[in-house]
Every structure is written in structure tokens, then in C-alpha cells.
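Residue-level structure breakdown
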There are 2 protein chains.
Amino acid sequence: MTGDPLSRVFAALADPTRRDIVARLSIGDATVGHLAEPYGVSVQAVSKHLKVLEDAGLVSRSRDAQRRPCHLEAETFELMTKWIERYRLQAEERFGRLDAVLAAMDDQHTTHHHHQGAAS
Amino acid sequence: MTGDPLSRVFAALADPTRRDIVARLSIGDATVGHLAEPYGVSVQAVSKHLKVLEDAGLVSRSRDAQRRPCHLEAETFELMTKWIERYRLQAEERFGRLDAVLAAMDDQHTTHHHHQGAAS
DNA sequence: GCTGTCGTCAACCAGATGGTTGACAACAAT
DNA sequence: ATTGTTGTCAACCATCTGGTTGACGACAGC
């Protein structure tokens, strides 16, 4: 809708209902009606949310009779993570803490347990 | 201001001017007037942007006489990256592409070790 | 003391956003 | 062909957002 692709992605995820929709779609595809159930909002509102997510490239919709199954486009997340990592690392480096950050990231990937409070 | 912390962070970064401010602050601290120069907006507008970034926990401001040096709080980025990675990995896993994703991430870290300039 | 600079606060405005309700298109089922 | 289900479109409304201008507070220098 408005602005550049990166702005659309960030704006799309700035709403808790839309983040929740993304969370549910990460489990598996779903229809609009199915997605609308848990929230206290109308189906039209959810349809709008899905349009925002679709414009951001985070969701795609196909056809199945009168249903519109929604599918999460996970690749779009990289647009954000690339931007974030770039400036986070740059800032961390200014404090000479780059090594600690990289170590924490490696730890995060190799093991799935919660992170240690090494950052400070 | 509005909503939960995660929404505030995403909303703060949904604006290109604010992302640009973050990019500049990743190079080093700066005053409000100094940050306002490159954009065709008033100092008051930039002051508002900084308030949004501060409310999101992405920026902190100290005092130096009548100046208010702005400082990037890089740790707050983790709030986002954690959320993003969680659902991205979950979605990728559904396609059996988890191995490829993890490989790409490892590659990203090893290249970062030889830092700056290459990441342009 | 005045004067100038840096920044915030307050009021205002146009446009976007998130929600509602009502109408309707597309398809399935009877 | 009529009925029911699924979802979108359109209009409307309240609130938020990003910008403006004007006034003011805090501080440095004359």
C-alpha cells in the first residue's frame, strides 16, 4: 500500500493480531474464517489484515472453491533480518563487543536453550 | 506509546526516516539538529521520530548542556529477531528446508567475521 | 542582564489505520 | 432454482500518525 517494501513488512508486523496470524500460519495454511475465530473481530477485519500481510509479501492466497487458503511466505522475513543484523552488528562493534555477539549467535543456533545474560 | 513492546519496535522501524536515523546512529551518537540536517523536515519532526524510537527502546538520550546526544540501543533488536526467527524457522521446517536455512545462516556468520566493507 | 542556539511542547491538519455494518459475488448443496 | 457458506468490497467512524507552525525552556556567550 504505502511506502517501500521494507516499510510494509515492518508495518504489517507492528499489529499484534497480524503477528498472531503469522504465528498460526507458521503451523500450517488456513482459511480466512478459520483464522478469524479466535479473535473477537469480524471476518472482514481479518480479511483486511490478510490484505496488509499479502501486500507486504508475507502471505499468499490461493483458491479452493469459495475458500481462500492463506500461506505464509517465510522468505520475506529475510528482508527484515538482513536490515536488522546489518545495523545491530555495526552498533555492537562500536563497543568492541562483536566477538561476544557472534558467540551468542553461534550458541543460539547450535543449541536451542535460552540465552545467557552475557550482553552488557 | 500504543500497544505492547514488540509492536512499538516494529512500528518504530516501519518508517524510512526512522530507519535512516537508526542507520546513522549505528555509526555513532549524534544530536537532534545533526540528525535533522539530511532530511527535508523540521527539527520538531525529527524530535518526534526520536521519541518514537525512544519509546520503543531503540534509542536513549543523555544530556550535554542544551544538546541531547542520541544513542542506539542495539540490544532491543533481539526482541524482534527472536520473534522473527521463531516463526521463520517453524515455517521453513514445514518445507523440509531447515537444513538449507541453517547452512545459509552459518555462512552469514563466517563471512561477518571478516567484518565491514564486505557487507555494504 | 540580553541575545542566540538547541530542543521540546502544544495546537493544528491531512492522510492512513483498524474496526464496524451492509451488500454482494462465487461457489456448494439441496 | 433456491439456500447457505465463504470471503471481498464499500461506506462510514474513531483514532493514530507524520508533518507543519508558533511559543517556550534551558543553556552558552556577549
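Just above sits the structure.
The numbers attached to residues start from 1 for each chain and follow its sequence in the written order. Chains carry letters from A onward and ligands carry numbers from 1 onward, assigned in written order. The model is predicted, so local features are restricted to residues of pLDDT at least 70 and side-chain atom pairs to those at 80 or more, both for listing and for counting; the totals for chains, interfaces and linings are taken over all residues. Values shown for side chains rest on all heavy atoms present in the structure; no hydrogens or waters enter the calculation.

**Things to note about the protein's contact with DNA strand D**
When we say a residue is near a molecule or strand, we mean one of its heavy atoms is within 4 Å of it. Contacts to DNA strand D come from 22 residues, most closely from Ser-47 and Arg-61 of chain A together with Ser-42, Lys-48 and His-49 of chain B. In DNA strand D, atoms within 4 Å of the protein come from the sugar-phosphate backbone in 63% of cases. Here a phosphate oxygen of DNA strand D sits 2.3 Å away from a polar atom, N or O, in the side chain of Arg-61 of chain A. Within 3.5 Å is the distance limit for a polar contact, defined as a pair of N or O atoms, with the added protein rule that one can donate a hydrogen and the other accept it, and that residues adjacent in sequence qualify only through two side-chain atoms. Contact distances for DNA strand D include 2.2 Å between a base oxygen and a side-chain N or O atom of Lys-48 of chain B. Each helix is a run of DSSP H or I of at least 4 residues and each strand a run of E of at least 2, with the numbering of both proceeding from the N terminus. Counting residues per element, the ones that place at least two in the surface near DNA strand D are α3 (32-36) and α4 (43-55) of chain A together with α4 (43-55) of chain B. It is α4 of chain B that contributes the most residues to the surface near DNA strand D, four residues altogether. Looking at the surface near DNA strand D, its residues break down into four nonpolar, eleven polar and seven charged. Side-chain classes are defined by residue name, with Ala, Val, Leu, Ile, Met, Phe, Trp, Tyr, Cys and Pro counting as nonpolar, Asp, Glu, Lys and Arg as charged, and the others, Gly among them, as polar.

**Overview of the side chain of His-49 of chain A**
Structurally, His-49 of chain A is set in helix α4. Contacts are residue-level and defined by heavy atoms, with any inter-residue pair within 4.5 Å sufficient. Non-local contacts of His-49 of chain A, meaning those with residues more than four positions away in its chain, are made with Asp-15, Thr-17, Arg-18 and Ile-21 of chain A.

**Points about the relation of the copies chain A and chain B**
Turning chain A through 180 degrees and shifting it by 0.0 Å along the axis lays it on chain B, with an RMSD of 0.1 Å. Those values place the two copies in the arrangement expected of a two-fold rotation axis. When the interface residues of chain A are mapped onto chain B, 84% of them again fall at the interface, so both copies present the same face. When the copies are superposed, the least-squares fit takes in the C-alpha atoms of residues with a pLDDT of at least 70 in both.

**Structural notes on the environment of Phe-10 of chain A**
With respect to the element layout, Phe-10 of chain A can be found in helix α1 (residues 5-13). For Phe-10 of chain A, the contacting residues outside a window of four places in its chain are Met-80, Trp-83 and Ile-84 of chain A together with Phe-10, Leu-13, Ala-14, Arg-19 and Met-80 of chain B.

**As for the interface of chain A and chain B**
Taken together, the contact pairs 45 residues of chain A with 43 residues of chain B. Summed over both partners, buried area is the accessible surface (1.4 Å probe) that two parts give up on being assembled. Both faces considered, chain A and chain B share a buried interface measuring about 3,900 Å² in area, 64% of it formed by carbon and sulfur atoms. Note on definitions: salt bridges are taken to be side-chain nitrogens of Lys or Arg within 4 Å of carboxyl oxygens of Asp or Glu. Viewed at the interface, chain B and chain A are joined by four salt bridges. At the boundary of chain A and chain B, one finds eight residue pairs in polar contact (both at pLDDT 80 or more). Of all the elements in the fold, those that place two or more residues in the side of chain A that touches chain B are α1, α2 (16-27), β2 (70-72), α5 (77-94) and α6 (98-110) of chain A. A total of 16 residues in the side of chain A that touches chain B trace back to one element, the largest contributor, which is α5 of chain A.

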